[in-house]
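This is what each chain is made of:
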Amino acid sequence: MSWFSVSPVELDALRLSLWVALVAVALSLPLAVAMAYVLARCRFWGHGLLNALVHLPLVLPPVVTGYLLLVVFGRKGALGPVLEALGMQLAFTSAGAALAAAVMAFPLIVRAIRLALEAVDPRLEEAAGTLGASPIKVFAFVTLPLMLPGLVAGAVVGFAKALGEFGATITFVSNIPGETQTLASAIYAVLQVPGQEAAVGRMIVLSLLLSFGALLLSEILARKMVRR
Amino acid sequence: MSLDLDIHVRRGRFTLEVQVTAPAGVTVIFGPSGCGKTTLLRAVAGLEPVDHGKIVIDGSDMTEQPAHRRAVGYLFQEPRLLPHLNVLGNLKFAQRMGRQVRGQSFDEVIALLELDPLLGRAPFALSGGEAQRVALGRALLSAPKCLCLDEPLSALDQGLKHRILPYLERLRARTDIPILYVTHDAAEMARLANHIVLMQAGRSVLSGPAEAILSDPAAVPYLGVRAAGTVISGQVMAPDPTTGLAVIGFDGGQLILPELSQTKGHNIRIRIPAQDIVLAREKPRGLSALNVFEGAITQLHSGQGPGVMVQFQTGGTLFLARVTQYSAQKMELAVGQTIFAIVKATAFDPAGIGT
């Protein structure tokens, strides 16, 4: 086997990593927009608490986040029976890996979107209102387009975070090749075995390519938006 | 169409209590800063909550309606164009969001404000005056039943102001919706106002037709000495055949001006500041001034200052002149007296000449 031939296990890990990251971003993005809106625009009792809660995965050791996910979503967790009734299982499945990645990426996405939202001039929204736009239309046609760069930045940061997520993932869904083994956990697994330098090197190159590609894509998108 | 307002707003120590009826045409809200002019406009547009009162626009009670259902077009001090859309996009946005009632046609608004050359431009590539013109067009395209203009020219320099004012005059001539116009610029007020509401400390102290308010001695303390004066509505006549000077006919005589951009037959409004009129008890002779009007004193009003405001009537026009207390005493001015007013042809404030 030459250095360049990627094994099926490694390919699976790559495919799974991409899937997990994309699903995680797709899941968190709408929720993050709503959360950013609430945090940036609404003033209510418990605002600080909610803000802290959103940021918790950022400051908690990922292992703790993973464990808490098990406690809530595990088969014997708080929501276990509910999930079972729905015919869903999250612990030790790829869906669970996506959930773990989404939870870890969420605070970063919220932060990016909130910054963009706070930069939107409320006077423009007010003006749109006097032109007959309802609050929903104001959000869709004024606020959203104006915060789009922040939205893209949030998505890219979230994607990168989800791609590299390791601690919470391995705690919540373990490291099952073909099911929950992402690039990060595959590298970890291979590193445990001596004489696997070639495999490690290949996957590190894959990781590099993936991350670099994501950065490039975000750069292109950002440029396109500036040109508009 | 008209606007009936009864607005009560309390914000800490500030209270706004205003009852105003604004008919079609421009109603200028004039007063010092902090007197509640902008709060009044924002309350009309639904941008400022009202403690109690009634806001009736074109016969329908809008008091409980949110801003986007009020059909009040609002022109802010700054243009507030949407930066992610170009000029055409901003105009189309108003049309799409606007109430589909009685909307002015797109081409009409474009022609009125001469927006055609700007359509493809981005908001940041517009000058202040152009941007404000686009913002006005955008407000018109949202099919408003009432327009609120909140010091729309205050951010522009003097030269730009004079280029925008004709557009506002044309708008006034073409539309039959009430326009509330907030300003603290007396020349702007004299040019645009059909009606005037004078405000002070959250209350309307005096209101009525523009000509009556501007020449009312009682209004002088609120208008300021510089703003008080006569507004003559007249028509441009044929130029004087011997001198070539411009002639304006009005109810009470003829006014001679050195030059005029408007041509014969145009309706015109001219403001003569009270301090630019000289009074005489006898018909003056051998004067260089071209305009001498004979009138009867209708009111004398001495304020706290050294001046006396003298209102007199010539034909159907009320004039206002300001003289010193000393002159008034020496001339023994009294109500009912016949008086001669001398106006220098070069005294006309070009900013005060409008259509």
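How each quantity is defined
- Along each chain, residue indices are assigned from 1 in the same order as the chain's sequence is written.
- Chain letters and ligand numbers both follow the written order, the letters beginning at A and the numbers at 1.
- Totals for whole chains, interfaces and linings use every residue, but because this is a predicted model, local features are given only for residues with pLDDT of at least 70 and side-chain atom pairs only at 80 or more, for both listing and counting.
- Strands here mean DSSP runs of E at least two residues long; helices mean DSSP runs of H or I at least four residues long; both are numbered from the N terminus.
- Whether a residue is buried, exposed or partly exposed follows from its count of other C-beta atoms within 10 Å of its own C-beta, namely 20 or more, 12 or fewer, or something in between, respectively; the C-beta atoms are built from the backbone.
- Once C-beta atoms have been placed from the backbone, residue pairs whose C-beta atoms lie within 7 Å are recorded as contacts.
- These domain limits were set by an automatic method or by a database of domain assignments.
- Asp, Glu, Lys and Arg are counted as charged, while Ala, Val, Leu, Ile, Met, Phe, Trp, Tyr, Cys and Pro are counted as nonpolar; the rest, among them Gly, fall into the polar class.
- Two strands qualify as a pair provided that DSSP identifies no fewer than 2 bridges between them.
- Assignment of crossover handedness uses the view with strands pointing away from the viewer, where a clockwise path from the first strand over the helix to the second indicates a right-handed crossover.

1. Quick look at the overall build of chain B
- Counting its regular elements, chain B contains nine helices and 19 strands.
- Overall, the C-alpha framework of chain B stretches about 65 × 50 × 30 Å when taken along its three principal axes.
- Within chain B, the fraction of its 355 residues that count as buried is 46%.
- Once local pairs closer than 6 in sequence are excluded, the contacts in chain B between residues at least 24 apart make up 68%.

2. Concerning the domain arrangement of chain B
All names here are of chain B.
- Per the domain assignment, the segments of chain B are domain 1 (3-214) and domain 2 (229-352).
- Centre-to-centre, using C-alpha coordinates, domain 1 lies 32 Å away from domain 2.
- Taken together, the seven residues of domain 1 in the interface contact 10 residues of domain 2.
- At the level of elements, α6 (186-192) and α7 (210-214) are the ones that each hand at least two residues to the side of domain 1 that touches domain 2.
- For the side of domain 1 that touches domain 2, the per-class residue count stands at four nonpolar, one polar and two charged.

3. A look at the interface of chain B and chain A
- At the junction of the two partners, chain B supplies 18 residues and chain A supplies 17 residues.
- Considering only residue class, the side of chain B that touches chain A consists of 10 nonpolar, five polar and three charged.

4. Considering the pairing of strand β14 (residues 267-273) of chain B
All names here are of chain B.
- Taken across its seven residues, β14 has six buried, putting it largely inside the fold.
- Looking at chain direction, strand β11 (residues 229-236) and β14 are connected through seven bridges and run antiparallel. Residue pairing in the sheet places glycine 234 in a bridge with isoleucine 268 of β14.

5. What about helix α1 (residues 37-45) of chain B?
Residues and elements named next belong to chain B.
- Where burial is concerned, most of α1 is hidden: eight out of the nine residues are buried.
- Every buried residue of α1 is listed here: Lys37, Thr39, Leu40, Leu41, Arg42, Ala43, Val44 and Ala45.
- Once α1 finishes, glycine 46 follows within two positions and takes phi at roughly 85°, a positive value.

6. Considerations on unusual backbone geometry
- Despite not being glycine, A:Phe92 has its phi angle at roughly 65°, a positive value.
- Note on placement: A:Phe92 falls in the loop between α4 (80-85) and α5 (94-118).
- On the basis of neighbour counts, which here come to 18 C-beta atoms within 10 Å, the residue A:Phe92 falls in the partly exposed class.
- Positioned with a positive phi, B:Glu114 is a non-glycine residue whose angle comes to about 50°.
- The class of B:Glu114 is partly exposed, set by 13 C-beta atoms lying within 10 Å.

7. Topic: the pairing of strand β8 (residues 178-183) of chain B
Residues and elements named next belong to chain B.
- Extensive coverage of β8 is indicated by the burial of six of its six residues.
- Residues Pro178, Leu180 and Val182 point to one face of β8 and Ile179, Tyr181 and Thr183 to the other, with burial holding for every one of them.
- Here strand β3 (residues 25-30) pairs with β8 via six bridges, running parallel. Residue valine 28 lies in a different strand from β8, and its bridge partner there is tyrosine 181.
- With helix α5 (residues 158-174) bridging strand β7 (residues 146-150) and the parallel β8, this β-α-β connection has right-handed handedness.

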